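If you want the building blocks of each chain, they are given just below.
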Amino acid sequence: MASCVTHSRFLLHKSLSSSLKTVSRTPHEPLLLRARTHRVHASSSIRCLSGSVQSEGLPPRRAFMYVPGDSKKKIIKASHLAVDCVCLDMEDGVAEPSKDQARELITDSLDSVHFNTATDVCVRINPVSTQAERAEKDIEAVFSANKLPSSICLPKVESVGEVEWLCNKLYGLLQPRPKDQKMYIILMCESPRGFLNLPQVCTELDEISTSLDCNVIPDSIVFGSDDYCAAIGATRTDAAKEILYARQKMIMICKMFNLQAIDMVYNNFKDTEGLTRNCIEGRNMGYTGKQVIHPGQVDPVQAAFAPSAEQIAWARGLVAAFESAERAGAGAINFQGRMVDMPLVHQARNLIRVADKFNIK
């Protein structure tokens, strides 16, 4: 990118609300500008993955569980769960009068609550597009804790400018921290504008993260299905056909940028059978995890997004048979009555990699 590009290109986007323009810059933002003047686009080197697999090098998020940030009791309860990701929520899970309380309680909990070692701790701040001042208070409060979360979740993302704002803040706030301090970025797509702009948003996030000498890492996109339905005037049904297009489009974009795709909430938390069916449907589409709103949903969701012992045995057998035939010069084989070529082998290898990641035999 040409060096004549001004600060406004990186800090503000014309589609952001005027309230964002009042957000103060961190002292390190000029460094971010200079770092980006010679950025390199890295998406061409990304390997697309097939099937419901975890993106390489990223924390698994089979279950992405929201915990209201204004409830210490619920935060402590969540800390004892063997859940892939706990999202401490400052946004929709908290009533307006309790927003400040949630911010303070989450900041305190980051230092005082000891979460399961298998759990990635995430904090969802308020949206930049509509609540810029509050979002800035949120993220600065998080970074006032001695122990940072692993991830920051930005909701209701609709424009490139919001991602630029977040990366600028993180870049500055990470400077005083240890060099190996990573921060994973999770974005939420919840509106028609968000979906139409999502490729550009992901491109910008990819370019920023690959050009900076810091550990700001794109991780996941979360499908905010309820907000999306409200935005398009649809009625939610159990079959969810009204959101099929958006649900599938998000997977394609996530795979293009090697991001994890987190599927919609299943609101009837008492319906375990329906939840499992919904998980399997999302997994078969290519989703890598699902949003969770109740502790009782964690185990069924994480089981559904992990390969079964039968699947693993099939995958290992197929790969072994194919590699043996390949050494003999064959490009396709008959395995268990089915013709197998390289695309199916890739799927089998993906299953094996996921099994190894979760230590599933």
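Higher on the page you've got the structure.
Remember, predicted model here, so these are calculated numbers, not experimental data.

**Considerations on the overall build of the protein**
Then, in step 1: Looking only at helices and strands, the protein features 13 helices and 10 strands.
Then, in step 2: Counting the 361 residues in the protein, one finds 54% classified as buried.
Then, in step 3: Long-range contacts, defined here as pairs at least 24 residues apart, represent 76% of the contacts in the protein between residues at least 6 apart.
Then, in step 4: Roughly 16100 Å² of accessible area belongs to the protein as shown, and the carbon and sulfur atoms make up 53% of that amount.

**Observations concerning the pattern of salt bridges**
Then, in step 1: Taken as a whole and judged by the stated rule, the model has 23 salt bridges.
Then, in step 2: In this structure, the salt-bridge partner of D108 is K72, at a minimum N-O distance of 3.1 Å. Of this pair, D108 sits in helix α4 (residues 99–112) while K72 sits in helix α3 (residues 72–79); the two residues are 36 residues apart in sequence, bridging distant segments of the chain.
Then, in step 3: On the accessibility criterion, K72 (28% relative accessible area) is partly exposed.
Then, in step 4: When salt bridges with common partners are traced through the structure, they connect D89, E91, D92, R124, K156, E190 and D227 into a single cluster.

**Here's the deal with the pairing of strand β2 (residues 85–89)**
Then, in step 1: In terms of burial, β2 is a largely internal element, 5 of the 5 residues being buried.
Then, in step 2: Bridging between strand β1 (residues 63–68) and β2 involves 5 bridges; their strand directions are parallel. Note on β2: the bridge partner recorded for F64 is C85.
Then, in step 3: Pairing analysis gives 5 bridges linking β2 to strand β3 (residues 120–124), with the strands arranged parallel. Within β3, the residue paired with L88 across the bridge is V123.
Then, in step 4: In terms of handedness, the path from β2 via α4 over to β3 forms a crossover that is right-handed.

**Quick notes on unusual backbone geometry**
Then, in step 1: Although it is not a glycine, K156 sits at a positive phi angle of roughly 50 degrees.
Then, in step 2: Note on placement: K156 falls in the loop between β4 (151–154) and α6 (160–174).
Then, in step 3: Given a relative accessible area of 22%, K156 falls into the partly exposed group.
Then, in step 4: Positive phi, close to 55 degrees, is recorded for Q336, a residue that is not glycine.
Then, in step 5: By secondary structure assignment, the location of Q336 is in the loop between β9 (333–335) and β10 (338–340).

**Structural notes on the sheet that holds β3**
Then, in step 1: Reading around the circumference, β1-β2-β3-β4-β5-β6-β7-β8 is the order of the 8 strands in this closed barrel, with parallel pairing throughout. On average, adjacent strands in this sheet sit at an angle of 30 degrees to one another, irrespective of strand direction.
Then, in step 2: Helix α9 (residues 244–256) rests against β6 (216–223) and β7 (260–263) of the sheet, and its axis sits at about 165 degrees to β6.

**Remarks on the packing of aromatic side chains**
The geometry of two aromatic rings is summed up by the distance between their centres and the angle between their planes.
Then, in step 1: Enumeration according to the criterion identifies 4 aromatic pairs in this entry.
Then, in step 2: The interplanar angle of 85 degrees and the centroid separation of 5.5 Å between the aromatic rings of F195 and F223 together place this pair among those described as edge-to-face. Of this pair, F195 sits in helix α7 (residues 192–211) while F223 sits in strand β6, and the two are 28 residues apart along the sequence. The two residues F195 and F223 agree in class, both being buried.
Then, in step 3: Seen in terms of ring centroids, F223 and Y228 are 6.0 Å apart; in terms of plane orientation they differ by 65 degrees. Their pairing is edge-to-face.
Then, in step 4: Feature note: the residues F195, F223 and Y228 constitute an aromatic cluster, connected by ring pairs.

**Focus: the packing of helix α5 (residues 132–142) against α6**
Then, in step 1: At a closest axis distance of 11 Å, the pairing of α5 and α6 adopts a crossing angle of 30 degrees. Between α5 and α6, the angle is such that the two are roughly parallel. As for the relative orientation of α5 and α6, their crossing is right-handed in sense. Residues A135, E136, I139 and E140 of α5 pack against W165, L166, K169, L170 and L173 of α6.

**Quick look at helix α13 (residues 342–357)**
Then, in step 1: Taking 1.5 Å per residue as the helical rise, α13 with its 16 residues ought to reach 22 Å, and the 22 Å between its terminal C-alpha atoms agrees with that figure.
Then, in step 2: Within the span of α13, buried status applies to L344, V345, A348, N350, L351, I352, V354 and A355.
Then, in step 3: Of the surrounding elements, those touching the buried residues of α13 are α12 (309–327) and β10.
Then, in step 4: After α13 finishes, the residue N359 shows a positive phi value of roughly 55 degrees.

What counts as what
Residues numbered from 1 in each chain as written. Predicted model: local features only at pLDDT ≥ 70, side-chain atom pairs only at ≥ 80, totals over all residues. Heavy atoms only, no water. Helix = DSSP H or I, 4+ residues; strand = E, 2+ residues; numbered from the N terminus. Buried < 20%, exposed > 50% of the residue type's maximum accessible area, 1.4 Å probe, protein only. Contact = heavy atoms within 4.5 Å. Areas by Shrake-Rupley, 256 points an atom, 1.4 Å probe, with all protein chains shown as cover. Salt bridge = Lys/Arg side-chain N within 4 Å of Asp/Glu carboxyl O. Pairing = 2+ DSSP bridges. Right-handed = clockwise from strand over helix to strand, strands pointing away. Axes fitted to C-alpha atoms, helices over the stretch in contact; angles between N-to-C directions. Phe/Tyr/Trp six-rings, centres within 6.5 Å; stacked < 30°, edge-to-face > 60°. Parallel < 35°, antiparallel > 145°, perpendicular 65-115°, else oblique. Left-handed = near helix turned anticlockwise from the far one by under 90°. Expected span 1.5 Å × (residues − 1).

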